[in-house]
Amino acid sequence: MEVDPSPSPSSRPPPPPLATVPSYFDPESSGRREEYRRYRKRLSSSNASPLLGSSLSKSTEARLKYDGSSIQRRPNTGLLLEDIKQEAVDYSNLDALEGSRLFDSAKRRASLDGGSASDTAFSSGRQAAARTLRPVKLEEDMHVTQEGETTFTMFASLLDSAIQGSMPFPDVILQFERTCRNASESIRSAAAGKLRVVEDKLMKQKAQLLLDEAASWSLLWYLYGKGNEELPGELFVSPTTSHQEACRFVAADLTAQLCLRIVLWLEGLASEALDLEKKVRGSHVGSYLPSSGVWHRTQRYLKRKSNDSSIVKHVDFDAPTREGAQLHPDDKKQDELLLEDIWTLLRAGRLEEASELCRSAGQAWRAATLCPFGGIDMFPSLDAMFKNGKARTLQAIELESGVGRQWRLWKWASYCASEKIAEQDGGRYEMAVYALQCSNLKRILPICTDWESACWAMAKSWLDVQVDLELSQYQTSRPDEKQLDDDMNGTQPMLSSVGPESWPYHVLDQQPRDIGALLQKLHSSDLVHETVSRACREQHRQIEMNLMSGNIAHLLDLLWSWVSPSEDYQNILRPLDDPEIIRFGAHVVLVLRYLFSDEMEDEFEEKLVTVGDHIINTYVRYLFSEQQEELVGVYASQLERDLCIDLFVEMMELRLNSSLHTMYKLFLSAVEYLPFSSTDASKACFEEIIERVLSRSRETKPIKYDEDLSDIAQKHHSQSLQKAMAIQWLCFTPPPSIPDFQMITAKLLTRALMHSNTLFREFSLISMRRVPELPAGPHKLLAILAEPLKQKENLFSLEDPEVSDNLQEFEDWDEYYSLDATYRSWLRVEMENAAVSPEMLSAEEKDQAVAAARETLELAFLLLFKDERPWLNAVESSPFESSELIFLELHATATLCLPSGECMLPDATSCTALTSALYSTVSEEDVLHRQLKVDVQVSSKDPCCIEVALRCVAAEGDGYGLHEANDGGLLAAIMAAGFKGELNRFQPGVSMEISRIDAWYSDVNGSVESTAAYIIRGLCRRCCLPETILRSMQASISLSEAGDSLDYCDKLVELIASSETGIMHLFSQQQLQEFLLFERECFLCKMELEEEQLPADG
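These figures come from a predicted structure and were not determined experimentally.

### Quick word on the overall build of the protein
Next, step 1: Along its length, the protein carries 48 helices and 10 strands.
Next, step 2: The proportion of buried residues among the 1098 residues of the protein is 54%.
Next, step 3: Considering only intrachain contacts with a sequence separation of at least 6, the fraction spanning at least 24 residues in the protein is 75%.

Set out below in structure tokens:
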């Protein structure tokens, strides 16, 4: 017997408005990089996080392994039939398909460390992920849509691999980036030249959004996934060079390290863009003919001895600056194109390619200005140290001139060159190239027309100035060395002379003081291009700026403000229902939880849990709305316990009327990613979800009625079908690869038996009317359980008393409803024949009615005359001793039905009258002795229903000891009178039709101790057995009228009269009267038959 007297837990309240976030969520406190250790050692492959919900790592193999063609599971008839239907549809569509295109798997990033484990997990994927990769139509728009779906599947597969420990989370971040890039490239190639203008524009926008997301993932890896790089001691020479000291400083200083990573990130993006352009267009930056940078036109002009003062008189590389003149316009234009490509390569961090381009163009002198000191890479990174090795060129130079002196001279010269070119209105790219070498921002920013270039220029300049200030301590001739630290804080002395010894004061005032100032310059500085400040309002630019500033708390608020449901639908700046940003937000939250699992403060952890859960919840709902049920388990399992349970319960209820395949996908998502049962109260488990689904399926649902209320009974009967459908969740077979497969399957089937018996009891009490229509609920229930119960011997032990009792009761109900269906079939035939005059009936129709009546009686006698045990045995021993004060309670939800079958609306008056009528069914002595209490009220959920509550003290044989009466005791007797419509002090013929009924033992305070199944079983015996006998009498009369001489009627009379069966006291007074009338009619039919036979015998 199921009991659920306590209300279900309420759903979690929505997060507070962003304006009312507590003060401990202050972005300033969460932005301290030292506390969150932005740069960390490389994480191990073990990523278990105490912050997150259980990911069921023990079932990794079950989810990650897919044999390529099928899902290993036990056969299920419903699923098999749907497979056959789908296969037939697929074969019928083969001619229309010229092939199937699947989204290519994302390739591993070349820089991943030791990719064996990661490659394995990435290539295998989950079963559910593989199942969604289905053929698509050849139309380009359908192809693009399918690839978008596959992006979501790929993200889920990668995340699952990381949660199970098959891939480190830093590597997963890189795979996210690569997946976005592959999806973007696929969309561009699929849409290229094959769509209309508007569609093509939309596809390009979508592809660009994916590239923006890839950039954000890349930044996340550089800032939080990339481990700290240890400088190898064997590469240091003694005495150390300025470059080695610069690398040592950047590795130790947090601000410099931040700038370095931002620079590397932005250069990596630019390099990816160059590679993509080369792949798409077939050409690349720097594709020049040899010597294309030689000034041939200027030479020919000078040979003609033309007197133009604006043209240089010499063709050495210093001539334009020295003479203050220009090259020939054609050479100047060619030079500007060359310098634009050099700038593009420098922007992508490809210094060697830029130098080689200069040499191939015939400007080796320009290559020397880019790579001084014999071509040594002076960028303060570990890669540059490895590239330079133990080269002694710079050491030799600095042994003679001093550490950093040549460095300062080179910077000073570049600064002078950039300023001179600007004064002479020279080439803007040449000015920017030299300004880049010396951090001269005011000469760089004018050509930075996109956000990435401007941010890169500022970060690189700021990094170089920090290094220059660090190296300035090695100067011995500078008198104002002690003031350098003050200068970085904003106090700069007035220099009487400006020269290389005072470097880097020339550009110091152009640099930001901190990361916040850098980002502010991107927003509003007069130096940046308008498109740069406009780009700061874009989604992923805001995400990246929050990542750079370390303001994760504000980033979470920002993501939630974008993805949360809002009443302000007029706000066009808010992206409504943007699946890409919802997906990004959910994965960012999960990645940050694992990366920060052991180093978060309480305030930040609470923020990441509360706001993060809402973002993940939104993403799960989106996947569910897109029919991607196989993916929801990866994310829902990471939610807080109550939210996870509520979400799965809601999804299961919404998919209750879907196809079996759809339901099975959702079932797999829950059973694979959640533990079946859990002793940890903070973790969600599959068992609790199923219990909640079953309990809610029996609750009274609010119903909208027509004004005339004529359809109340029909709508209440239709709810029984929904109750029966809920049992399907227990009848699916879990995948054999999950741990404890046999145990889980047996538990599910045992629970299915228990719940089905509970429903059978309720269904039997609402199917008493003698009409030909079959009750939908019980027969649907039998159909669902037919296939799973064929394997009962292999799934659980029949020696278990609980299993044995439930199985016996199920078989009793199976027998009862088989008889019920046969009776209704006979009744339909009888009613059809009654509508036709006897003369018009054929012999075949008469034989059909006789055969149906005989079959009904045969099944009824098998049910009524059981030798080994009575039908639906309610004999049960109480678990309580008579020394304990125990109460019995019965609660029921029902409707009041008139004899015509229509429902009547209850009100306070009718409830009071019904309460009095229920009291009157027992004697005053029983009311006082058993402390009987009856309460009837109009249901708060459905105004057409009533809530009936009965309570009494247990007595010997009814609550204590062995219940031998087999009739449910006092409470069952009271309710049976209501169900049969035989209440003396109530409206005649008005009966109660049950919607839900439960009985249990309780203590003095009303707390539930255990279920009291014998009460409901006994109630069913009181209602079902008399009705079965009366129906059998109907069939017996029909046979007697047809000339059947078998003594069915006499056997039924003997059954009731027998004191051994104890069936007599199950009948009410009116039922006994009806039985006697049937018996009399049957006797008269026999007499008529005998009279007809006498003349024939004579």
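From this point, things continue past the structure.
### A look at the side chain of asparagine 806
Next, step 1: Among the secondary structure elements, asparagine 806 is positioned in helix H41 (residues 801-834).
Next, step 2: In this structure asparagine 806 comes out as buried when scored by relative accessible area, which is 10%.
Next, step 3: In this structure, asparagine 806 is in contact with Leu753, Met754 and Asn757, ignoring residues within four places of it in sequence.

### Quick word on the packing of aromatic side chains
Next, step 1: Summed over the entire model, instances satisfying the criterion amount to 35 aromatic pairs.
Next, step 2: Both rings, one in phenylalanine 760 and one in phenylalanine 810, keep their centres 5.8 Å apart while their planes meet at 50 degrees; by these two values the pair is tilted. Placement of the pair is phenylalanine 760 in helix H38 (residues 741-764) and phenylalanine 810 in helix H41, with a sequence separation of 50 residues. With respect to burial, phenylalanine 760 and phenylalanine 810 carry one shared label: buried.
Next, step 3: Between the aromatic rings of tryptophan 813 and tyrosine 816, the centroid separation amounts to 5.7 Å while the plane-to-plane angle is 90 degrees, which identifies the pairing as edge-to-face. With tryptophan 813 and tyrosine 816 both in helix H41 and three residues apart, the pair spans about one turn of that helix.
Next, step 4: Joined through ring pairs, the aromatic side chains of Tyr664, Phe667, Phe676, Phe686, Trp729 and Phe732 make up one cluster.
Next, step 5: If you follow arginine 583 out to its NZ or CZ, it ends over the ring of phenylalanine 155, 4.4 Å from the centre.
Next, step 6: The side chain of arginine 655 reaches across the aromatic face of phenylalanine 624, ending 3.8 Å from its centre.

### Topic: the environment of glutamine 175
Next, step 1: With respect to the helices, strands and loops of the structure, glutamine 175 is situated in helix H8 (residues 169-191).
Next, step 2: With 20 residues separating them in the primary sequence, glutamine 175 and phenylalanine 155 have C-alpha atoms 8.6 Å apart.

### Structural notes on the pattern of salt bridges
Note that side chains of opposite charge can pair when their charged atoms are close.
Next, step 1: All told, the structure shown has 56 salt bridges when counted by the stated rule.
Next, step 2: Glutamate 787 is the partner of lysine 790 in a salt bridge, and the nearest nitrogen-oxygen pair spans 3.6 Å.
Next, step 3: We classify lysine 790 as exposed; its relative accessible area is 61%.
Next, step 4: Classification of glutamate 787 by relative accessible area gives buried; the value is 19%.

### What to know about the environment of tyrosine 619
Next, step 1: If you trace the backbone, tyrosine 619 turns up in helix H31 (residues 602-625).
Next, step 2: Residues tyrosine 619 and isoleucine 581, 38 residues apart in the sequence, show an inter-C-alpha distance of 9.5 Å.
Next, step 3: Residues contacting tyrosine 619, with those up to four places away along its chain left out, are Phe152, Ile582, Arg583, Ala586, His587 and Tyr635.

### Some words on the nonpolar core
Next, step 1: Membership of the largest hydrophobic core comes to 265 residues, with the highest contact counts inside it found for Met548 and Tyr635.
Next, step 2: With 14 residues, the top contributor of residues to this core is helix H46 (residues 1013-1041).
Next, step 3: Residues Leu469, Tyr505, Val507 and Leu508 belong to the second largest nonpolar core, which totals nine residues.

### Re the pairing of strand E2 (residues 887-897)
Next, step 1: With 10 of 11 residues buried, E2 is to be regarded as a mostly interior element.
Next, step 2: Alignment of E2 against strand E9 (residues 991-1002), held across 11 bridges, turns out to be antiparallel. Of the residues in E9, the one forming a bridge with leucine 888 is tyrosine 1001.

### Here we look at the confidence of the model for the protein
In low-pLDDT regions, the fine details of the predicted coordinates are not to be read closely.
Next, step 1: Mean pLDDT for the protein: 81, with 80% of residues reaching 70 or above.
Next, step 2: The low-confidence segment residues 91-146 (pLDDT under 50) makes 104 contacts with residues lying over four places distant or belonging to another chain.
Next, step 3: Note on residues 477-497: pLDDT is under 50 here. Beyond four places in sequence and across chains, it has 33 contacts.

### Overview of unusual backbone geometry
Apart from glycine, the bulk of residues carry a negative phi angle, and the bulk of peptide bonds sit in the trans form.
Next, step 1: Residue serine 238 is joined to proline 239 through a cis peptide bond whose omega torsion reads 0 degrees.
Next, step 2: Within the secondary structure, proline 239 is located in the loop between helix H9 (197-225) and helix H10 (242-252).
Next, step 3: Positioned with a positive phi, serine 439 is a non-glycine residue whose angle comes to about 65 degrees.
Next, step 4: Note on placement: serine 439 falls in the loop between helix H21 (428-437) and helix H22 (441-444).
Next, step 5: The exposure class assigned to serine 439 is buried, which follows from its relative accessible area of 0%.
Next, step 6: The residue asparagine 966 is not glycine, and still its phi comes out positive at about 60 degrees.
Next, step 7: Residue position: asparagine 966 is located in the loop between strand E8 (962-963) and helix H45 (969-979).

### Topic: the packing of helix H20 (residues 405-423) against H21
Next, step 1: Two numbers describe how H20 lies on H21: the axes approach to 8 Å, and their chain directions differ by 155 degrees. When the interaxial angle is binned, H20 and H21 end up roughly antiparallel. Classified by chirality, the crossing of H21 by H20 is left-handed. Of the residues in H21, those in contact with Trp410, Lys411, Ser414, Ala417, Ser418, Ile421 and Ala422 of H20 are Glu430, Met431, Tyr434, Ala435 and Gln437.
Next, step 2: Its residues assigned to classes, the contact of H20 with H21 shows seven nonpolar, three polar and two charged.

### Considering the pairing of strand E5 (residues 946-953)
Next, step 1: E5 sits mainly inside the fold: seven of its eight residues count as buried.
Next, step 2: Two elements, E2 and E5, share eight bridges in a ladder whose sense is antiparallel. Across the sheet, leucine 888 pairs through a bridge with cysteine 952, a residue of E5.
Next, step 3: With six bridges connecting them, strand E4 (residues 933-938) and E5 associate as antiparallel partners.

### Observations concerning a nonpolar patch on the surface
Next, step 1: A contiguous nonpolar surface patch, about 320 Å² in accessible area, is contributed by Val197, Val198 and Leu202.
Next, step 2: Assignment of secondary structure puts leucine 202 in helix H9.
Next, step 3: Under the relative-accessibility criterion, leucine 202 is labelled partly exposed at 47%.

### Description of helix H42 (residues 843-864)
Next, step 1: Compared with the 32 Å implied by 1.5 Å per residue over 22 residues, the 31 Å span of H42 between its first and last C-alpha is a close match.
Next, step 2: Considered for burial, the residues of H42 that qualify are Ala849, Val850, Ala852, Ala853, Thr856, Leu857, Ala860, Phe861, Leu863 and Leu864. What you see down the axis of H42 is that its buried residues fit within an arc of 165 degrees, all on one side. Projecting away from the buried face of H42 at angles above 90 degrees are the exposed residues Ala843, Glu844, Asp847 and Leu862.
Next, step 3: At its buried positions, H42 is contacted by H41, H46 and helix H47 (1048-1057).

### Remarks on a negative patch on the surface
Next, step 1: A contiguous patch of negative charge, built from Glu1041, Glu1081, Glu1088, Glu1090, Glu1091 and Glu1092, is present on the exposed surface.
Next, step 2: Looking at which element gives the most residues to the negative patch, the answer is helix H48 (residues 1069-1097), with five residues.
Next, step 3: Note on placement: glutamate 1090 falls in helix H48.

### Thoughts on the environment of leucine 827
Next, step 1: Here leucine 827 shows up in helix H41.
Next, step 2: With a relative accessible area of 8%, leucine 827 lands in the buried category.
Next, step 3: Spatially, the C-alpha atoms of leucine 827 and glutamate 773 are 9.4 Å apart, while their sequence positions differ by 54 residues.
Next, step 4: Not counting chain neighbours up to four residues away, the residues in contact with leucine 827 comprise Arg770, Val771 and Pro772.

Basis of the calculations
Residues numbered from 1 in each chain as written. Predicted model: local features only at pLDDT ≥ 70, side-chain atom pairs only at ≥ 80, totals over all residues. Heavy atoms only, no water. Helix = DSSP H or I, 4+ residues; strand = E, 2+ residues; numbered from the N terminus. Buried < 20%, exposed > 50% of the residue type's maximum accessible area, 1.4 Å probe, protein only. Contact = heavy atoms within 4.5 Å. Phe/Tyr/Trp six-rings, centres within 6.5 Å; stacked < 30°, edge-to-face > 60°. Lys NZ or Arg CZ within 6 Å of the ring centre and 35° of its normal. Salt bridge = Lys/Arg side-chain N within 4 Å of Asp/Glu carboxyl O. Core = buried A, V, L, I, M, F, W, Y, C linked by side-chain atoms within 4.5 Å. Pairing = 2+ DSSP bridges. pLDDT = per-residue confidence, 0-100. Axes fitted to C-alpha atoms, helices over the stretch in contact; angles between N-to-C directions. Parallel < 35°, antiparallel > 145°, perpendicular 65-115°, else oblique. Left-handed = near helix turned anticlockwise from the far one by under 90°. Nonpolar A, V, L, I, M, F, W, Y, C, P; charged D, E, K, R; others polar. Patch = residues over 30% accessible without salt bridge, like charges linked within 9 Å, V, L, I, M, F, W, Y side chains within 5 Å. Areas by Shrake-Rupley, 256 points an atom, 1.4 Å probe, with all protein chains shown as cover. Expected span 1.5 Å × (residues − 1). Arc of directions from axis to C-beta. Lys, Arg positive; Asp, Glu negative; His and termini not counted. Charge placed at Lys NZ, Arg CZ, Asp CG, Glu CD.

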